[in-house]
Amino acid sequence: MQADREGGWLATFYFLYFCALGAFMPYWGPWLHAQGQDPLAIGILTAAVQFSKVLAPNLWGWLAHFWGSRRIVPWAALIAAAGFLALWLAHGNFLALLLITLTFSFFWAATLPLVDATTMDWAQRRGTAYGRIRLWGSLGFIALSLGMGGLIARWGLTVFLPGIAIFLVGAWWASRYLPYSALPAADTPRPRLSGAFRHVSLWFFLLAGLLEQASHGAYYAFYSIYAEQHGLGSAAVGMLWGFAVLCEVAFFWWGDRFIRRRGVPLVFTGAFILTAMRWGVIAWWPGLIWIILVQTLHAASYGAFHLAAVHWLSERFPGVLRGRGMALYASIVYGLGGGLGALGAGWTWAHWGGRGTFSAAALLALLGAFFLIWALQPAPALEKEAE
């Protein structure tokens with residue numbers, strides 16, 4: 001009974017958190033465009049959301065190592081909600097938008113790595129699959145990428161900011177009841193994170209992941225705009241985003257079992273190759289049927305990539321180091337990689353247009369696959385080294 005209740009709160013948090021993200025990702029670019037921002041400014045502001053994840057997760061992960069996630073996650077979610085509402089105060093001014101974006105992103109970035117670590121710990125204690133809890137986040141993303149598209153089609157982009165804030169307030173409420181792991185006793189020896197830095201495979205893993213996520217910069221910043229240039233309306237764009245994440249949900253449902261049977265190396269390699277294929281097809285835009293079909297590859301470019309990464313990290317960063325390992329991953333791969341990708345996408349969009357931008361994204365994913373070969377070399381877990 002208690003396990004069901006704990007799993008329910010975790011699923012609720014993921015659902016609400018990703019409802020906010022599902023409203024944000026497809027329509028952040030169009031909202032900024034409606035505020036009078038040019039392509040380079042949209043790229044910079046999208047990059048700011050990602051670059052905030054470079055410092056923030058490591059700082060929050062370090063603080064959680066001593067304070068515990070229970071003290072951090074609820075406040076971070078609440079402050080992020082307030083930050084979205086504060087965007088109203090910018091009135092289209094670029095510098096004000098940048099400052100507010102950096103502020104809300106800094107707190108928003110605190111929540112997911114810490115909750116991911118909490119969920120992985122809980123799933124291992126209960127003998128259940130991380131992916132079957134995490135898929136509720138994907139369902140939330142679908143609900144709002146579709147729902148927000150319909151709301152915007154009817155009432156315009158005025159619903160964008162309050163919609164996100166409402167769901168982040170809901171995530172704050174759910175975060176108060178999550179099954180956070182207890183802090184170890186003060187006199188318990190703690191393995192040092194610095195031990196991980198001696199392993200070259202960790203750096204290749206982070207570099208490969210950085211390039212794979214950088215390739216998503218074009219998708220997150222400009223896919224909605226690119227689709228609209230090809231004649232699709234807001235509701236249709238929302239359906240494309242939602243369908244992609246529905247395919248991600250399917251992988252999260254079966255993914256843990258698939259990884260156990262096929263192994264992390266095969267899943268990782270397939271994710272990188274299929275990611276490059278996805279961006280290549282979008283670049284050439286061969287027709288709506290192909291665009292719909294290629295959205296199924298979101299199951300690889302995000303779902304398989306993320307689930308394989310979580311399994312890889314959980315083996316390398318067990319126990320009390322898991323939260324900091326997840327934070328390191330989030331900061332380098334999603335923060336630095338996503339930020340560089342969005343910034344680069346803004347430049348390439350302005351100079352090369354949509355086709356050139358997505359072609360460059362495909363090349364980035366292929367380059368990441370090259371470094372992945374060295375990343376998948378076996379290495380001991382940090383706690384075993386400390387014994």
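Just so you know, the residues in each chain are numbered from 1, in the order the chain's sequence is written. Only residues with pLDDT of 70 or above have their local features reported here, since the model is predicted, and side-chain atom pairs are shown and tallied only from 80 upward, although totals for entire chains, interfaces and linings are computed over all residues. The basis for every side-chain value is the complete set of heavy atoms in the structure, and neither hydrogens nor water enter the calculation.

Asks: Even after reading the chapter, I still don't get unusual backbone geometry, so can you show me in this structure?
Replies: Peptide bonds are mostly trans, and most non-glycine residues show a negative phi. The backbone of His 91 sits at a positive phi, close to 50°, despite the residue not being glycine. A helix here means a DSSP run of H or I that spans at least four residues, while a strand means a run of E at least two residues long, and both kinds are numbered starting from the N terminus. Along the chain, His 91 falls in the loop between helix H3 (73-86) and helix H4 (94-126). Located in the positive-phi region is Trp 285, a residue other than glycine, with phi close to 45°.

Asks: I tried to follow the packing of aromatic side chains on my own but got confused; where do I start?
Replies: Centre-to-centre distance and the angle between the planes together describe a pair of aromatic rings. Pairing of aromatic rings covers Phe, Tyr and Trp, the last counted by its six-membered ring, and requires centre-to-centre distances within 6.5 Å; plane angles under 30 degrees mean stacked, over 60 mean edge-to-face, and any other angle means tilted. This structure, assessed with the given rule, holds 45 aromatic pairs. When the centroid spacing of 5.6 Å and the interplanar angle of 85° are considered together, the rings of Phe 106 and Phe 107 count as edge-to-face. On the accessibility criterion, Phe 106 (23% relative accessible area) is partly exposed. A connected cluster of aromatic rings, assembled from ring pairs, spans Phe 13, Tyr 14, Tyr 17, Phe 18, Phe 24, Trp 28, Trp 31, Phe 84, Phe 104, Trp 108 and Phe 160. Note that Arg 176 overlies the ring of Trp 172, its terminal NZ or CZ placed 5.5 Å from the centroid. Placement of a positive charge over a ring is assigned whenever Lys NZ or Arg CZ falls within 6 Å of the ring centre and within 35 degrees of the normal to the ring plane. One Lys or Arg, Arg 176, reaches over the ring of Trp 173 and ends 4.3 Å from the middle of that ring. Each residue gets one of three labels from its accessible area relative to the maximum for its type: buried under 20%, exposed over 50%, partly exposed in between, using a 1.4 Å probe on protein chains only.

Asks: Looking at this structure, how should I read the pattern of salt bridges?
Replies: Opposite charge on two side chains permits pairing when their charged atoms draw close. In the sections that follow, a salt bridge refers to a side-chain nitrogen of Lys or Arg positioned within 4 Å of a carboxyl oxygen of Asp or Glu. Evaluation of the coordinates by the stated rule reveals two salt bridges. For Glu 6, the salt bridge identified is with Arg 126, shortest N-O distance 3.2 Å. One end of the pair, Glu 6, is in helix H1 (residues 2-34); the other, Arg 126, is in helix H4, with 120 residues separating them in the sequence. Taking the shortest distance from any N to any O, the salt bridge between Arg 134 and Glu 248 comes out at 4.0 Å. With Arg 134 in helix H5 (residues 130-155) and Glu 248 in helix H9 (residues 234-262), this residue pair connects regions lying 114 residues apart in the sequence. The pair Arg 134 / Glu 248 is uniform in exposure class, with both members buried.

Asks: Honestly, the state of the cysteines in this entry has me stumped. Any pointers?
Replies: Here, the word disulfide means a covalent bond between the sulfur atoms of two cysteines. Put simply, a disulfide is two cysteine sulfurs that come within 2.5 Å. Taken as a whole and judged by the stated rule, the model has zero disulfides. Note on Cys 19: no disulfide assigned, nearest cysteine sulfur contributed by Cys 247 at a separation of 18 Å. Take Cys 19: its relative accessible area is 1%, and that puts it in the buried class. Relative accessible area serves as the criterion here: at 16%, Cys 247 is assigned to the buried category.

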